[in-house]
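These are the residues of each chain, in order.
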Amino acid sequence: MNRFKTSKYKNTTPKIPKKDGWISNVRGGSFTSQGNHIKSSCSLVAFNTDQAGGGIVGLSSLNPGSDGKWTVTQIPCHADQVTDLDFSPFDDHLLATCSADETVKLWRVSDPGQDQPGGAEVTLSPKEGRLEILLFHPVASDLLAVASTKGVQVWEVTRDSALTVLEQHADQIQGLSWKEDGTLLASSCKDKKLRIFDPRAQPSAVQCVQGLQGNKDSRILWVKDDHLITTGFNQVRQQEVRLWDSRKLNSSLSSVSLATSNATLMPLFDPDTGLLILSGNGESVIDCFELTLSAPFFPQVSHCLTDTSTRGVALVPKLAVDVSCCEVLRVLQLTDNFIVPISYQVPRKAGQDFHADLYPDTLGHTPGMTADDWWKGENKQVERVSLNPSKRPKSSAPSAKKPSQDIPRDKSKEETSTSSSPLSSPSSSAVPSRSPSSTSGLSSGFQPSPSPSQSSRAIQNMLGPSSKFRHIQGAVLHRDTHITNLRGLHLTTPGECDGFCANGERIAVPLAIAGGQIAIFELSQPGKLPDTALPTIQNSVNVADFCWDPFDTHKLVVAGDDAKIRVWRIPKGGLKETLTEPECVLRGHTEKIYSIKFHPHASGLLASSSYDLTVRLWNLETGEEVKRLAGHQDQIFALAWSPDGKLLATVCKDGKVRLYDPRKSTLPIQEGPGPEGQRGARVVWVCDGKYLLVSGFDCRSERQLYLLSAESLATVASSPADVSPSTLIPFYDPDTSVLILTGKGDTRVYIYEIVPEAPHFMECSSFNSSEPHKGLCFLPKTECNVGDVEVARAVRLGKSTVEPLAFRVPRVRKEFFQDDIFPDTAVWWEASLTAASWLSGSDGRHRKVSLRPKDMTPVSEAPKEAPVRKYLPSSVYLEEKTDEQKKEELLSAMVAKLGNREDPLPQESYEGVDEEEWDD
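Keep in mind it's a predicted model, so treat the numbers as computed, not measured.

### Observations regarding the overall build of the protein chain
Line of reasoning, step 1. Each helix and strand in the protein chain was counted, giving six helices and 65 strands.
Line of reasoning, step 2. For the protein chain, the proportion of its 920 residues judged to be buried stands at 52%.
Line of reasoning, step 3. Accessible surface, the protein chain as shown: approximately 42800 Å² in total, 48% of it carbon and sulfur.

### Some remarks on the sheet that holds strand 42 (residues 593-598)
Line of reasoning, step 1. Strands sit in the order 42-44-45-46 across an open sheet of four strands; the sheet is antiparallel. Sheet topology places strand 42 and strand 46 (624-629) at the edges, where each strand pairs with a single neighbour. Ignoring strand direction, the axes of neighbouring strands in this sheet form an average angle of 25 degrees.

### Some thoughts on the pairing of strand 27 (residues 327-334)
Line of reasoning, step 1. Here strand 27 lies mainly inside the structure; eight of its eight residues are buried.
Line of reasoning, step 2. Pairing analysis gives four bridges linking strand 26 (residues 312-315) to strand 27, with the strands arranged antiparallel. By the bridge assignment for strand 27, Ala314 is matched with Leu332.
Line of reasoning, step 3. Strand direction decides the pairing type here: strand 27 and strand 28 (residues 339-345), joined by seven bridges, are antiparallel. Residue pairing in the sheet places Leu329 in a bridge with Tyr344 of strand 28.
Line of reasoning, step 4. Between the end of strand 27 and the start of strand 28, which pair antiparallel, lie four residues.

### Observations concerning the nonpolar core
Line of reasoning, step 1. Ranked by size, the top nonpolar core spans 41 residues in total, and within it Ile38, Ile277, Ile339, Tyr344 and Tyr359 carry the most contacts.
Line of reasoning, step 2. When residues of this core are traced back to their parent elements, those giving at least two are strand 3 (44-48), strand 22 (265-270), strand 23 (275-280), strand 24 (285-290), strand 25 (300-305), strand 26, strand 27 and strand 28.
Line of reasoning, step 3. No other element matches the five residues that strand 27 contributes to this core.
Line of reasoning, step 4. Counting 31 residues, the second-largest nonpolar core is a separate cluster that includes Ala508, Leu529, Ile537 and Val795.

### Focus on the packing of aromatic side chains
Line of reasoning, step 1. Enumeration according to the criterion identifies twelve aromatic pairs in this entry.
Line of reasoning, step 2. The interplanar angle of 5 degrees and the centroid separation of 3.9 Å between the aromatic rings of Phe731 and Phe778 together place this pair among those described as stacked. Of this pair, Phe731 sits in strand 55 (residues 729-733) while Phe778 is found in strand 60 (residues 775-778), placing the two residues 47 residues apart along the sequence.
Line of reasoning, step 3. One aromatic cluster in this structure is built from Phe731, Phe767, Phe778 and Phe807.

### Some thoughts on the pattern of salt bridges
Line of reasoning, step 1. Going through the model one piece at a time under the given rule, you end up with 43 salt bridges.
Line of reasoning, step 2. Notably, a salt bridge pairs Asp91 with Arg108, separated by 2.3 Å at the nearest N-O pair. In this pair, Asp91 is assigned in strand 7 (residues 91-99) and Arg108 in strand 8 (residues 104-108), connecting sequence segments 17 residues apart. As far as burial versus exposure is concerned, Asp91 and Arg108 are alike and both buried.
Line of reasoning, step 3. One salt bridge in this structure joins Arg384 and Glu180, with 3.6 Å as the shortest N-O distance. Separated by 204 residues along the polypeptide, Arg384 in strand 30 (residues 384-385) and Glu180 in the loop between strand 14 (173-178) and strand 15 (185-189) bring together distant segments of the chain.
Line of reasoning, step 4. Relative accessible area serves as the criterion here: at 31%, Glu180 is assigned to the partly exposed category.
Line of reasoning, step 5. Linked by salt bridges that have partners in common, Glu180, Asp270, Asp272, Lys318 and Arg384 make up one network.

### A word on the confidence of the model for the protein chain
Line of reasoning, step 1. Per-residue confidence for the protein chain gives a mean pLDDT of 83, with 86% of residues at or over 70.
Line of reasoning, step 2. Contacts of residues 395-463 to residues separated by more than four positions or lying in other chains number 108 contacts, the stretch itself having pLDDT below 50.

### Some thoughts on the sheet that holds strand 25
Line of reasoning, step 1. Taking strand neighbours across the sheet as the criterion, the four strands line up as 22-23-24-25 in an open arrangement whose pairing is antiparallel. The sheet is open, and its two borders are formed by strand 22 and strand 25, each paired with just one other strand. Mean inter-strand twist for the sheet, computed between neighbouring axes without regard to direction, equals 15 degrees.
Line of reasoning, step 2. Relative to strand 24, strand 23 runs antiparallel, the two sharing five bridges. The partner of Leu276 across the bridge, within strand 24, is Phe289.

### A look at unusual backbone geometry
Line of reasoning, step 1. Cis peptide bonds are those with omega within 30 degrees of zero, and the linkage from Ala295 to Pro296 qualifies with 10 degrees.
Line of reasoning, step 2. Mapped onto the elements of the fold, Pro296 is located in the loop between strand 24 and strand 25.
Line of reasoning, step 3. Omega for the bond connecting Ala758 with Pro759 falls within 30 degrees of zero, at 10 degrees, which places this linkage in the cis form.
Line of reasoning, step 4. If you trace the backbone, Pro759 turns up in the loop between strand 57 (748-754) and strand 58 (761-763).
Line of reasoning, step 5. With phi around 60 degrees, Asp142 is a residue other than glycine that occupies positive phi space.
Line of reasoning, step 6. Mapped onto the elements, Asp142 comes out in the loop between strand 10 (131-136) and strand 11 (143-148).
Line of reasoning, step 7. Since its relative accessible area comes to 10%, Asp142 is described here as buried.
Line of reasoning, step 8. For Asp225, which is not a glycine, the phi torsion comes out positive at approximately 55 degrees.
Line of reasoning, step 9. Since its relative accessible area comes to 57%, Asp225 is described here as exposed.

The rules behind these values
Residues numbered from 1 in each chain as written. Predicted model: local features only at pLDDT ≥ 70, side-chain atom pairs only at ≥ 80, totals over all residues. Heavy atoms only, no water. Helix = DSSP H or I, 4+ residues; strand = E, 2+ residues; numbered from the N terminus. Buried < 20%, exposed > 50% of the residue type's maximum accessible area, 1.4 Å probe, protein only. Areas by Shrake-Rupley, 256 points an atom, 1.4 Å probe, with all protein chains shown as cover. Pairing = 2+ DSSP bridges. Axes fitted to C-alpha atoms, helices over the stretch in contact; angles between N-to-C directions. Core = buried A, V, L, I, M, F, W, Y, C linked by side-chain atoms within 4.5 Å. Phe/Tyr/Trp six-rings, centres within 6.5 Å; stacked < 30°, edge-to-face > 60°. Salt bridge = Lys/Arg side-chain N within 4 Å of Asp/Glu carboxyl O. pLDDT = per-residue confidence, 0-100. Contact = heavy atoms within 4.5 Å.

See below:
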């Protein structure tokens with residue numbers, strides 16, 4: 001290109017639409033992977049979300065519907081984080097995903113709003129560990145390149161094994177790209193080397209050179225002909241873009257340095273226009289360059305500042321751009337909550353004739369050859385088509401498109417569920433459990449018009465009752481109350497363990513250090529922890545489950561993989577030195593322990609479940625086993641004592657819920673159906689012990705809530721939650737009947753009020769955090785600030801922090817004690833009897849105390865406020881006035897508007913013009 005020749009794209013301008021033109025209902029994932037987190041076909045957009053630990057892919061239409069809105073749906077794809085995804089260049093509805101669960105899956109997706117696939121059409125298992133990058137071949141159909149941590153494989157999706165496995169890289173693969181004609185494959189690596197492979201010729205690299213200056217994240221992309229670009233960092237940590245010629249990789253042709261930043265540059269290139277888009281992950285800047293193969297190589301076209309930071313970027317296929325407004329590129333920016341379509345337009349008269357000089361023929365939708373043809377050595381090209389609307393071939397509707405015959409259906413035995421509507425909190429959960437009478441008054445015939453009061457009652461009946469906690473708000477307390485700089489946390493505790501535990505004074509957190517070590521932190525001593533090692537509890541074996549004694553804040557009980565339970569005593573003021581000897585050790589189980597739970601009334605009475613399929617009761621005062629319960633046929637997921645301490649409930653992997661009366665029988669007194677799914681479950685007693693709430697999974701691996709009658713163990717109601725691999729851990733407040741649930745690795749906390757009559761599940765506002773938490777643990781009710789109408793206080797364990805979390809109910813008259821939501825609370829942190837007396841047949845009850853501060857008056861006794869009239873009565877406005885009064889008011893208004901009439905008028909300050917300046 002002549003350096004003095006003016007480019008027709010030099011004035012290309014990015015246009016960001018108003019917020020109503022953004023795709024909303026998006027929860028962009030903030031996970032670390034080598035992919036761009038978002039991809040687009042000519043009709044659909046797929047993107048990573050932070051739901052289900054990143055195992056869910058979001059899906060939206062590229063263009064809005066007839067109402068101007070976008071429908072966003074989610075597809076549960078993998079059991080672990082989705083690391084990359086790609087649409088087939090020849091099929092707008094064929095989506096491939098890869099994951100940290102070491103699998104690649106192909107999905108035949110539908111338009112949002114339609115039923116999505118119940119499972120993957122194809123599942124591939126490269127068996128090389130975590131997968132990072134996924135790319136469809138640009139010319140041949142049904143051909144994929146898959147990169148793991150250090151290796152690259154090429155797969156034909158109809159085969160059970162890879163076509164070729166390329167030579168292992170020395171370090172983490174950071175970038176991968178096919179050449180436009182599909183002959184070569186290029187990669188960038190953390191070892192600072194660039195490699196070019198000819199997969200059909202040999203598994204080793206045909207070229208390998210030292211090309212990058214830093215080992216931080218880099219990307220590689222084929223551009224024009226034999227040229228490619230890399231993005232990375234130079235020696236002074238500036239973002240850098242380099243242009244290379246693949247025929248002589250010894251040195252780059254040119255480079256350009258951008259800002260000093262830690263953000264990885266994601267490159268996008270349009271070969272038709274030569275425009276290069278660069279966007280940093282986490283930055284709010286998108287740069288556009290026009291790439292040339294001669295000086296100046298990287299002339300800048302635009303520098304676009306966006307409203308939000310970037311999580312990922314994608315280029316819309318050229319066949320989907322709007323040529324009527326001279327749009328030459330469309331970039332999709334994935335943010336935390338939106339997808340922002342940014343249109344790059346050349347300033348010309350829109351709506352006129354087709355500007356052929358802006359739109360050369362582009363790659364079509366028909367593959368140039370099959371995967372077999374490519375593997376045999378053929379080199380064909382994809383047929384090019386015109387972007388002129390009058391010459392464009394007519395394609396059939398995507399919804400009528402039949403699946404590719406080359407891809408066998410139901411190849412994978414794994415069956416994954418999905419939802420065709422946006423995932424949400426279980427707002428519709430109450431619908432199936434409502435009584436039929438709530439809608440029995442509706443019919444298809446004509447009815448007399450109801451009165452306004454009847455109408456409002458009818459609407460209320462249709463909507464169902466609402467909870468006084470429906471507007472509950474969760475909020476993280478001030479940073480001064482946080483414990484920060486936590487290091488070496490053990491984040492893979494068993495599913496039956498809550499992850500960490502807390503009481504009103506301190507928390508216990510397992511560490512990923514050999515010997516099952518546990519760190520103890522005092523809640524009264526927030527702040528940044530030192531970088532040096534802290535004193536810990538050395539449990540000597542991996543921790544299976546652990547909990548604090550509810551009646552002794554210094555006693556921690558830990559169950560280990562060696563089938564032993566160790567009791568530790570924490571000294572006053574916290575750990576000052578490492579503890580190596582427990583207070584006592586409980587021996588009896590023959591296999592690994594699942595979970596442990598203290599009795600709610602009797603001091604020193606502990607229940608434990610184990611792989612030996614028994615539940616055992618222990619007296620900590622004597623260190624002896626006092627009861628052994630049998631009757632389970634499979635893994636025991638969870639156990640829970642009834643509020644009065646008489647019964648023990650368990651939920652088992654065999655799909656059964658069992659009730660025990662340990663003092664009367666070692667076998668269950670009752671059995672009932674539980675969750676069908678076998679991934680995990682929890683159980684808690686609700687509604688004064690009249691019902692059991694079980695959280696688990698259904699047969700399609702969707703998280704579900706079940707309400708069971710404690711008398712018959714029959715299912716009273718059920719509520720779908722969402723799709724996620726982690727079990728929802730429930731916390732129930734008997735004072736308010738509020739149920740709070742979340743899973744390890746979730747970012748959302750669900751809240752319900754549980755009532756004994758239909759609809760049973762009354763949904764309240766949920767709490768969402770920007771980062772996934774590793775666990776949530778609730779503190780005694782006395783820790784709540786009742787003056788701020790705080791009904792629950794929890795601590796949340798993050799990746800490196802412990803943060804107090806308050807759940808408040810918004811109220812207007814906070815100066816009064818809200819006694820309608822703060823009844824007298826049970827002092828459950830004090831024992832009401834001993835283990836020996838309970839075993840002998842005695843039962844205890846907790847005393848109750850009021851949470852009302854002495855200086856606050858109950859709201860039920862507060863004086864009623866007289867209604868304040870906001871407007872004057874209508875008689876004031878309707879009062880008749882005489883003509884003289886009206887004239888006086890009008891004159892006063894005019895004077896007030898003019899101000900001081902003695903001031904000179906503006907025209908009086910104007911100067912005149914000399915006579916000779918006037919023209920004849």
